Amino acid sequence: MFSVRLGYACINVTLGPRARTSRTCRISNATPHRLEDLARANLVGLAEVLRWNMAHKIKVFRISSGIIPLASHPLAQWPWKERLSREISSIGDYAKEHNLRLSMHPGQYTVLNSPKKEVLAASKAELSYHAELLDEMGLSSQHKVILHVGGVYGDRETSLRRFQKNFRMLPRTVRNRLAIENDERSYDVDSVLNLCNSLDMPMVFDYLHYKAYNSSPLRASFLDQVYSTWTARDGRPELHYSTQRRRARKGAHADTIDTRDFMRFLKILPKHDIDVMLEAKAKDAALIRLRNELRSRWSPTDVIIE
DNA sequence: TCTGGTCAAGGTGGT
DNA sequence: ACCACCTTGACCAGA
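Criteria and thresholds
- Residues numbered from 1 in each chain as written.
- Chains lettered and ligands numbered in written order.
- Predicted model: local features only at pLDDT ≥ 70, side-chain atom pairs only at ≥ 80, totals over all residues.
- Heavy atoms only, no water.
- Near = heavy atom within 4 Å.
- Polar contact = N/O pair within 3.5 Å; in protein donor to acceptor, adjacent residues only side chain to side chain.
- Nonpolar A, V, L, I, M, F, W, Y, C, P; charged D, E, K, R; others polar.
- Buried < 20%, exposed > 50% of the residue type's maximum accessible area, 1.4 Å probe, protein only.
- Helix = DSSP H or I, 4+ residues; strand = E, 2+ residues; numbered from the N terminus.
- Pairing = 2+ DSSP bridges.
- Right-handed = clockwise from strand over helix to strand, strands pointing away.

In the region of DNA strand C, 20 residues are neighbours, and R26, N29, R62, H105 and R249 sit closest. A share of 62% is what sugar and phosphate atoms reach among the atoms of DNA strand C within 4 Å of the protein. Here S22 contributes a side-chain N or O atom positioned 3.3 Å from a phosphate oxygen of DNA strand C. One of the side-chain nitrogen or oxygen atoms of R26 is found 2.5 Å away from a base oxygen of DNA strand C. The class makeup of the residues in the surface near DNA strand C is four nonpolar, seven polar and nine charged.

In structure tokens form, the structure reads like this:
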């Protein structure tokens, strides 16, 4: 018997615009006062989304990187941690009280293995912001910041070594938060698994990226190796799952999750508790639809869908 | 109130 | 060489 908890990323489409969590502004309009108003409104939105999630028994959620707008930008600095400490810690308290799993996923501009020192510096600042936000919430290192390896720059091996070197230079508090995810064209599951083993980091397995990159069928023994990168400090393994959008670029997310395909995926899984982050354009609505369909069409004896 | 151009930012792949 | 695309759309000026 094992448990699969479902989650979704960043946006709740049911609650509507009031519960947005990524209000932002342009650098040209950014003042400390304005940034603070936006961030505070975003945190109110996040609290509302988390309450909605609890009312719908959803315990896994990705916090938008835009929750503190422009947080790592050198021209938009203000003491957000002090100014919003009450709001941030109250969200953390709520998450701990209800045993929520929160994660974050910096965007494509965060490239830890870039050969350019300005890009590396900006990436370090962005990773620190992510880690500091979760730290301020008082959340353990089970609440992850999930990163891709980055660019290839014509030489995958050298670029992997540069990732290792730069990773080792990060503060411990940031390193303990990080997990690495396979992508759809540069670093496949094998290279990310090797990298994670060499750095003692957990690996996030992304199903759609795997399918886009690899032609071989997924095996439970491979997922066992992925799961073994997660220690007690990291919590249960987190996986990403999405359905390919029809007649679209390879790797494009569909609006919803294909239920039959997800059922096949469940049957492959090792008997181990996990969290699955669903990446679908319909967000919370896609999660609820999938969960309802699973419950009505399938009565497994060894999996609990939460 | 709506819309099209633009926004902090990097790297890749298709033309 | 240029452009669209992506994580996670959202802002804003001009109508």
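From this point, things continue past the structure.
Next up on the list: the pairing of strand β8 (residues 274-278). Of all five residues in β8, five are buried; the element is thus mostly enclosed. Residues I274, V276 and L278 line one face of β8 and the alternating positions D275 and M277 line the opposite face, and both faces are buried. Bridging between strand β1 (residues 2-9) and β8 involves five bridges; their strand directions are parallel. Of the residues in β8, the one forming a bridge with R5 is D275. The pairing of strand β7 (residues 238-241) with β8 spans four bridges and is parallel. Paired with L239 across the bridge in β8 is V276. As a crossover connection, the stretch from β7 through helix α10 (residues 259-268) into β8 is right-handed.

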